[in-house]
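Now for the letters of each chain:
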Amino acid sequence: MGTVDVVKVPGAISPFRARATVVSRRMQDIGLQVFHNKTAMAGLIILLFFTFLAVAAPLIAPYSPLTAVPDVGPLTLPGGVHPFGTNQFGYDIYSQVIWGTQISLLVGVLAAGVASVIGTAVGLISGFVGGWIDEVIMRFNDVVLSIPWLVLMIVVAARLNYLDLAGIILVIGLTGWSVTARVVRSQVLSLKERMFVERGRMIGSSNAHILLRHIFPNAFPLIFANTILTVAISILSESVLAFLNLSVKSNVSWGRIIAEAYQHDALTIGMAAWIIVPGLCIVFLVFGFYLFGYALDEILNPRLRRR
Amino acid sequence: MPGDPSLSIIPRDPKFRGLRDYMISFFGLDRPQWEQFVIYLQRLFTLDWGVSYQDHRPVADILFHDLGWTLLLVGTSTIITILIGIAVGAYSAVRRGKAFDFVSTGIGIFLYGMPIFWLGLVLQSAFRKNSVFQTWIPGWPALPTSGYYDDRLIPWNWDIVHLADAGLHLLLPALTLSLGTLAGISLVMRNSLIDVMTEDFVTTARAKGLSPRQVLRRHILPNGLPPMVSLIALDIAFILGGAYQVEVIFRYQGIGFRTIEAIGSLDYPLLQFIIVIGGVAVVLANLLSDFLLLWLDPRIKIS
Amino acid sequence: MPTLLEVRDLTIEFRTKAGIVHAVEGASFNVERGEAMGLAGESGCGKTTTALALMRLLPYNGRIVRGSISFEGRDLVPVPEDSMRAIRWKEMSIVFQGAMNSLNPVQRVGRQIAEPIMLHEEAEPEASFKRAGDLLELVGISRNRLNDYPHEFSGGMRQRVMIAMALACNPKLVIADEPVTALDVMIQAQILDLLERLRRELHLAMILISHDLSVLADTCEQVTIMYAGKTMESGKTMDLFTDPKHPYTQGLVGAFPDIRGPRNMPEAIPGDVPSLISPPSGCVFHPRCKFAFDRCTKAEPALTELSVGRRAACFLYPQVTEVPPRPIAITEV
C-alpha cells in the first residue's frame, strides 16, 4: 500500500473549513446587528445586570437568605440595614431578593433548555420525516398546546409530590415545548425545500447527515431566539408555581417571596416592598428576555426584517 | 395520582375498618381497571360525578356552581380584552413607527412579562380600603377585593342590589385578567394588521378614494380578524391559566380557586372532573372559533 | 380644453434605512384624451412608483420632491389629501398587477365594484349594484356572479372584474399597471383586446405600464421608456419600435424575438439595473451601454427633442438646450 499524497492547493480550503468560515462570518454578522439594534442592547443590558446579581449574590447580599438575622426579630418594617424589612422568620428580605435571582434565572434557563431540546427534536423529526408521523405528532402537539398549561403543570407537580430543583425544571420544561416544536417544524419545512438539501441528497448523504449537518445548523439561530423567549415564559411559570406553593421548598425564589408576603398580608402591615420589589424583578427580567428575544427574532427572521 | 384517597375521608382508626372496605367497594376500587374505566365513562356522561371528599357535596353541583362564576369572569375579561386589544392593535398598526405605536408596543411587552398573580396583588393593594392612594389622592375609589358579592348580601337573589354588587366585585378581577392577556392580543393584532396593510387590495381601496377609516374598517380589519380568532381560541388555555391566578388572589371562588383547594386536600373526584371541564372548555372554544372563521372567511369551506 | 394629463419633471424619493432611494427623477410625459400611452422599462425602474404618484398613493416613506402632475390643467401635487380622495377613481382609476391580491378576498365582488359608485356618486345601494352588474357584463362576465368571492374566479376573470371596477365611476383616465403580467398568453391577448375595445368605446385615456414591449406595441399610440427612474426616450410607438434611438431602447427592442425576420437569438442587455440609492454618475445607463464614451460617465444627457414628438436622452444625438416637447398651456394664475 502506497501512501496517499495529499495535494495542497494553495488558496483552496477544505469544504469543512469553508463552512466553518461561513458559519462564523454569519455569527459575526448577527453579533454586529445585535450591537446596532437598540432593542436588543436594552434587553442584553437588563440580562447582564441580573446575571451579575445571580453570580455575585454571595458577595452582594449582606445576609444569608435562609437564616434569621441576629439584630432584629421577624416582620421588621423596612429601614436601616434591612431596606425591605425581615420576613416571618426574621430573614432579611433584601438578601432574599438578591439570592432569588439565582433560582429564577437557573430554573428559567434550564427549563427553557429542556423545552427547547424536546421541541427541537420533535420539530426536526416531524418536519423532516413528514407524512403520517408528522400528522400524528402535530395533532398530539395541538392537544398539548390546548391543555390549560397551569392545570397541566399543577397536575404534574402534584403527581411528583415533592419537587426539588430538578423536578421543577422538568415540570416546566415538559409542559413548555409545543410552541418550539411548531416553530422548528415550519423552519425545517422551508429549509427542506432549499437547493442545498437537494444537492446533499444527490451526493448520497444519509437522512441523519442532512438533518444534523445541513438543516439543524441553519435552523439553529432561530431555535436560539425562540429559546430566549421560552426562558421568559419559564420564569413566569416558575413564579406562578412558587406562588401556589408548588415550587422548590428548600430554596428562595422571587415567586416564593411574594407568596410569603401575600400570606402575611405584607401590604396591610406596611411592608409593600416585600411584594413590590420581587415582582418588579420578575417583570424586568422577563422584559429583558422578551426584548432580546424579539430583537433577535427580528434580526434572524428575514420575513420580518424586510419591514 | 399519589396518596390513598380513602384515608382522607375515613378517620385513621381501626374500628372504621369496615367502613373503609365498604368505601372501596362503593367506589369500585376492587374491580379490574378496565371495568373502573367503563364505570368512569358511564358516570361522566350521566353527570354522576361522585361526591367531593372535602365538603361531601356532589361534584357536579360544586363544579357547575363554580363554572358559572368562572365563565362570568373569563367572559367579561375576554370581551374587554378583545375590544381594547383590537382597538390598540389597529391604532398602533395605522400609526406604525410613530410615538403611539412605540409606547403601546413597549407597554405591551412589559405587561406581557408581568405575572398575573402579582398584577392582581398590586391592583388589590391600590384599590383596597385605606390604600396609600386613598390617603394621598382625594376621591381615589376603594373597590371590593375579594369574593363575588358582599357576604352581608348572602343568600343570592336576582335583584338589582345583588347584581350591582356582583358587578362591583367583578371589576378588579376582570381588570387584572384583561391587563394580563391584553398585551398578547394587541401585539398580534398589530402585526397581523401590518401584514394585511401591505396587500395590494388595500392600495386598491385607497385608490378608490376611501378615507383611511373606511379602508381600515371595510378592508383591513375583515382580513385581519380571521387569524386573530384562531389565535384567541388557542389562547383560551392561557386565559384559563390566568383566571386561576386571579381567582386565588381575589378569593373569587370559581373553578381555579376550587382547583387549588382540591389539590391541597387531594380531593380527587373534584380534580379529575376539573381537568375534564378544562378540556371541554378548550374543545368548545376551538369549535366556536372554527364556526366564526367559517363565517368570517369565505375561502374556508367545510371539507 | 387643456391636455388631460401633463407630467413635468416628476421626482420621487423614498426614505429607507439604507438611504434615500431616488425612485423617479424628472419624469415628463403627456397623455391626451382618449389616447393610450405606454410606460416601459425593466422592473425596478420607477414605473409603478410613477403610477402611484399620479394618484398620490405613494407609501408613507415616499414623497414627491418636485415636479407637477397637471390633470385637466389642475396641479395635483399640492392638493390636500381630503380633496384628493374625491378625485381618485372618479377622475382616474387604476388596475393593478396580478388581480389575485388587488381584490379584497373576504368581500363579494359585487360589493367591491359598487363601493366606489356609492362613495362618489352617492347612489343608492340598489342602483349601484345594478350598475355593478352592467359593468360585469361589459367585461364579459355574467351578472349572476356579483355575489361570488374573488377566489371563485380564475386569474383572467379576476382581472376582468378589476377592469370592471376601474370603470365604475366613468373615469377619464385608467392606469393599468402590468395588467396582464401574471396571466398566460391566450388570456393576455383577451384582456388586452378588452382594454383596447373599452378604450375606444368609452373614449378613455389610458396609461399602460409593462416591462413587456409586445404588450404595448398593439395598444399604445405613445411610448415612454424609463430606466433607473429616468426617462430615456419617448415617441410614437411605431417610430420607437422600428427606429429606436437610445441604446437602452435598442437593447429592449432587440431583447424581443422577431417572428418575421431571420432567426436570431434575442440579445439581452448585459448587467443589472443600478442601485437607486447611489445611482451611477453621468448617464445612469452608461455602465451597461455598449456605446458609452468619456462624456457619458461625467455629464448627464438632457432629454432632447430629435424630431416632432420624439425625444431621447443620449449624447449620441446632438444636445440642444432643452425645449418642452409641446407648448405647455399657460394657465392664468
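Residues numbered from 1 in each chain as written. Chains lettered and ligands numbered in written order. Predicted model: local features only at pLDDT ≥ 70, side-chain atom pairs only at ≥ 80, totals over all residues. Heavy atoms only, no water.

**Focus: the overall build of chain A**
Our working rule: Per the convention used, a helix needs a DSSP run of H or I reaching at least four residues, while a strand needs a run of E reaching at least two, with both numbered from the N terminus. The rule is simple: take the accessible area with a 1.4 Å probe, protein chains only, and divide by the maximum for that residue type; under 20% is buried, over 50% is exposed, in between is partly exposed. For this analysis, residues touch if any pair of their heavy atoms sits within 4.5 Å. Shrake-Rupley sampling with a 1.4 Å probe provides the accessible areas, and residues are treated as covered by the protein chains on show and by no other component.
Check the secondary structure of chain A and you find 13 helices and 0 strands. The burial tally for chain A puts 48% of its 307 residues in the buried class. Across chain A, the fraction of contacts at a sequence separation of at least 24, relative to all contacts at a separation of at least 6, is 70%. Of the accessible surface of chain A, which amounts to about 15,400 Å², a share of 68% is contributed by carbon and sulfur atoms.

**Details of the side chain of Glu-233 of chain C**
Residue and element names in this part refer to chain C. Quick note on the threshold: What qualifies as a polar contact is a pair of N or O atoms within 3.5 Å, subject to a donor-acceptor requirement within protein and to the restriction that residues adjacent in sequence count only when both atoms come from side chains.
Turning to its location among the elements, Glu-233 is positioned in strand E10 (residues 230–236). Side-chain polar atoms of Glu-233 contact the side chain of Thr-249, separated by 2.6 Å. Apart from the residues lying within four places of it in its own chain, the contact partners of Glu-233 are Val-223, Thr-224, Ile-225, Leu-240, Pro-244, Lys-245, His-246, Thr-249, Arg-310, Arg-311 and Ala-312.

**As for the interface of chain B and chain C**
We count it as follows: Summed over both partners, the accessible area lost on bringing two parts together, with a 1.4 Å probe, is the buried area. By salt bridge we mean one thing: a side-chain nitrogen of Lys or Arg within 4 Å of a carboxyl oxygen of Asp or Glu. Residue polarity follows a fixed list, in which Ala, Val, Leu, Ile, Met, Phe, Trp, Tyr, Cys and Pro are nonpolar, Asp, Glu, Lys and Arg are charged, and the others, Gly among them, are polar.
Contact with chain B, which involves 23 residues of that partner, is made by 30 residues of chain C. Looking at the side of chain B facing chain C, the largest losses of area belong to Ala-207, Lys-208 and Pro-298 of chain B, adding up to 28% of the total buried there. Between the two partners, chain B and chain C, sit 2 salt bridges. Among the ionic pairs, Arg-218 of chain B bridges to Glu-115 of chain C, the shortest N-O distance being 2.9 Å. Breaking the side of chain B that touches chain C down by element, the ones donating at least two residues are helix H9 (200–207) and helix H10 (212–249) of chain B. Here the side of chain B that touches chain C is composed, by residue class, of 7 nonpolar, 7 polar and 9 charged.

**Some thoughts on the pairing of E10 of chain C**
Residue and element names in this part refer to chain C. Quick reminder of the rule: When DSSP finds at least two bridges between two strands, those strands are taken to pair.
Burial within E10 is extensive, with 6 of its 7 residues counted as buried. Adjacent in sequence and paired antiparallel, strand E9 (residues 222–227) and E10 are bridged by 2 residues, among which Ala-228 carries a positive phi angle near 50°. Pairing geometry for E10 and strand E12 (residues 310–312), over 2 bridges, is antiparallel. Of the residues in E12, the one forming a bridge with Ser-234 is Arg-311.

**Some details on the sheet that holds strand E4 (residues 62–71) of chain C**
All names here are of chain C. Defined as follows: Between the N-to-C directions of two axes lies an angle of 0 to 180 degrees, each axis being a line fitted to C-alpha atoms and, for a helix, fitted only over the stretch in contact.
Read across the sheet, 4 strands follow the order E2-E1-E4-E5 without closing on themselves; strand pairing throughout is antiparallel. Each end of this open sheet is capped by a strand with a single partner; those strands are strand E2 (19–31) and strand E5 (74–75). Those strands touched by helix H1 (residues 47–54) are strand E1 (5–16), E2 and E4, and its axis lies near 110° from that of E1.

**Describing the side chain of Thr-304 of chain C**
All names here are of chain C. Turning to its location among the elements, Thr-304 is positioned in strand E11 (residues 304–307). Assessed through its relative accessible area of 2%, Thr-304 is described here as buried. At 3.0 Å, the side chain of Thr-304 forms a polar contact with the backbone oxygen of Ala-302.

**A closer look at the environment of Glu-260 of chain A**
Residues and elements named next belong to chain A. Within the secondary structure, Glu-260 sits in helix H11 (residues 254–263). Look at Glu-260 and you get buried, because its relative accessible area is 10%. Separated by 150 residues in the primary sequence, Glu-260 and Leu-110 have C-alpha atoms spaced 25 Å apart. Those residues in contact with Glu-260, other than ones at most four positions away along the chain, are Asn-87, Gln-88, Gln-96 and Trp-274.

**Some details on the pattern of salt bridges**
In this structure the tally under the stated criterion is 27 salt bridges over all chains. Between Arg-190 of chain B and Asp-101 of chain B there is a salt bridge, and its shortest N-O distance comes to 2.6 Å. Highlighted residues: Arg-190 of chain B in helix H8 (residues 160–197) and Asp-101 of chain B in helix H5 (residues 99–112), separated in sequence by 89 residues. Taken as a pair, Arg-190 of chain B and Asp-101 of chain B share a single burial class, namely buried. As a salt-bridge pair, Lys-230 of chain C and Glu-300 of chain C come within 3.4 Å of each other at their nearest N and O atoms. Separated by 70 residues along the polypeptide, Lys-230 of chain C in strand E10 and Glu-300 of chain C in the loop between helix H11 (294–298) and E11 bring together distant segments of the chain.

**As for the confidence of the model for chain A**
All names here are of chain A. This is how the line gets drawn: The pLDDT score gives, residue by residue, the confidence of the prediction method on a 0 to 100 scale.
Per-residue pLDDT for chain A has a mean of 77; in total, 79% of the residues score no lower than 70. Across chain A, element-level confidence peaks in helix H4 (residues 93–129) with a mean pLDDT of 89 and bottoms out in helix H13 (residues 302–305) with 45. Contacts for the low-pLDDT stretch residues 303–307, under 50 throughout, to residues beyond four places or in other chains number 10 contacts.

**Describing the nonpolar core**
Spelled out, the test is: For the purposes of this section, nonpolar cores are sets of buried Ala, Val, Leu, Ile, Met, Phe, Trp, Tyr and Cys residues that join through side-chain atoms within 4.5 Å. Where each domain begins and ends is defined by an automated method or by a domain database.
By size, the foremost hydrophobic cluster in this structure holds 95 residues, and its most contacted members are Leu-5, Trp-89, Ile-163, Leu-173, Ile-175, Ile-207 and Ile-225 of chain C. Built from parts of two domains, this core gets at least three residues from each of domain 1 (5–91 + 172–312) and domain 2 (100–170) of chain C. Sequence-distant contacts of Ile-207 of chain C, that is, excluding residues within four places in its chain, are made with Leu-5, Phe-29, Val-31, Met-37, Leu-54, Leu-173, Val-174, Ile-175 and Ala-176 of chain C. Core analysis: the next-biggest nonpolar cluster, separate from the first, contains 90 residues, Ile-275 of chain A together with Leu-119, Leu-123 and Leu-143 of chain B among them.

**Focus: a nonpolar patch on the surface**
Our working definition: A patch consists of residues exposed above 30% relative accessible area that lack any salt bridge, with like charges linked at up to 9 Å and nonpolar side chains (Val, Leu, Ile, Met, Phe, Trp, Tyr) linked at up to 5 Å.
Taken together, the side chains of Ile-79, Ile-80, Leu-83 and Ile-84 of chain B make up a nonpolar region of the molecular surface, amounting to roughly 370 Å² of accessible area. Following the sequence through the fold, Ile-79 of chain B ends up in helix H4 (residues 59–94).

**Quick notes on the packing of aromatic side chains**
Just so we agree on the cut-off: Stacked, edge-to-face and tilted are the three classes for Phe, Tyr and Trp ring pairs, Trp counted by its six-membered ring, which pair at centre distances within 6.5 Å; planes under 30 degrees apart are stacked, over 60 edge-to-face, the rest tilted. A ring is scored as having a charge over it whenever the NZ atom of a lysine or the CZ atom of an arginine sits within 6 Å of its centre and within 35 degrees of its normal.
One pass over the structure, following the stated rule, counts 15 aromatic pairs over all chains. Summarising the aromatic geometry, the rings of Phe-284 of chain A and Phe-110 of chain B are spaced 5.5 Å apart at their centres and angled 75° between planes, so their arrangement reads as edge-to-face. On the criterion of chain membership, the pair formed by Phe-284 of chain A in helix H12 (residues 272–300) and Phe-110 of chain B in helix H5 is interchain, its members lying in two chains. Overall, the relative accessible area of 35% leaves Phe-284 of chain A in the partly exposed class. Accessibility expressed as a relative area gives 22% for Phe-110 of chain B, which makes it partly exposed. Among the aromatic residues, those joined into a cluster by ring pairs are Phe-49, Phe-50 and Trp-254 of chain A. Between the NZ or CZ atom of Arg-145 of chain C and the centre of the ring of Phe-153 of chain C, over which it lies, the distance is 4.1 Å.

**Looking at the confidence of the model for chain B**
All names here are of chain B. Per-residue confidence for chain B gives a mean pLDDT of 78, with 85% of residues at or over 70. The least confident element of chain B, judged by mean pLDDT, is helix H1 (residues 5–9) at 50; the most confident is H9 at 90. Prediction confidence for the complex, expressed as pTM and ipTM, is 0.73 and 0.82 respectively.

**Some words on unusual backbone geometry**
Despite not being glycine, Arg-251 of chain B shows a phi value in the positive range, around 45°. Structurally, the position occupied by Arg-251 of chain B is in the loop between H10 and helix H11 (255–264). Even without glycine at this site, Glu-178 of chain C takes up a positive phi of about 45°. Relative to the elements of secondary structure, Glu-178 of chain C occurs in the loop between strand E7 (173–177) and helix H7 (185–202). Here Glu-178 of chain C falls in the buried class, since its relative accessible area comes to 7%.

**Comments concerning the packing of H4 of chain B against H8 of chain B**
All names here are of chain B. Rules: Note on convention: near helix rotated counterclockwise from far helix by under a right angle means a left-handed crossing. Clockwise means right-handed.
Between H4 and H8, the shortest axis-to-axis distance is 6 Å and the interhelical angle comes to 35°. Handedness of the crossing formed by H4 with H8: right-handed. The residue inventory of the contact of H4 with H8, partitioned by class, reads 21 nonpolar, 9 polar and 1 charged.

**Points about the sheet that holds E12 of chain C**
Hydrogen bonding along the main chain pairs the strands of a sheet, whether they run parallel or antiparallel. All names here are of chain C. In spatial order, the strands read E6-E7-E8-E3-E9-E10-E12-E11; together these 8 strands make up an open sheet with mixed pairing. The open sheet has two free edges, formed respectively by strand E6 (92–95) and E11, since each of these has just one partner strand. Neighbour to neighbour, the strand axes of the sheet diverge by 20° on average, direction disregarded. Here strand E3 (residues 36–40) runs beside strand E8 (residues 205–210); their pairing, made up of 5 bridges, is parallel. The partner of Ala-40 across the bridge, within E8, is Ser-210.

**Notes on the pairing of E9 of chain C**
Residues and elements named next belong to chain C. Taken across its 6 residues, E9 has 6 buried, putting it largely inside the fold. Going residue by residue along E9, you find Gln-222, Thr-224 and Met-226 tucked away on one face and Val-223, Ile-225 and Tyr-227 tucked away on the opposite face as well. The pairing of E3 with E9 spans 4 bridges and is parallel. Residue pairing across strands places Met-37 opposite Gln-222, the latter belonging to E9. Of the strand pairs in this sheet, E9 and E10 are connected by 6 bridges, and their pairing is antiparallel. Along E10, the bridge assignment pairs Tyr-227 with Lys-230.

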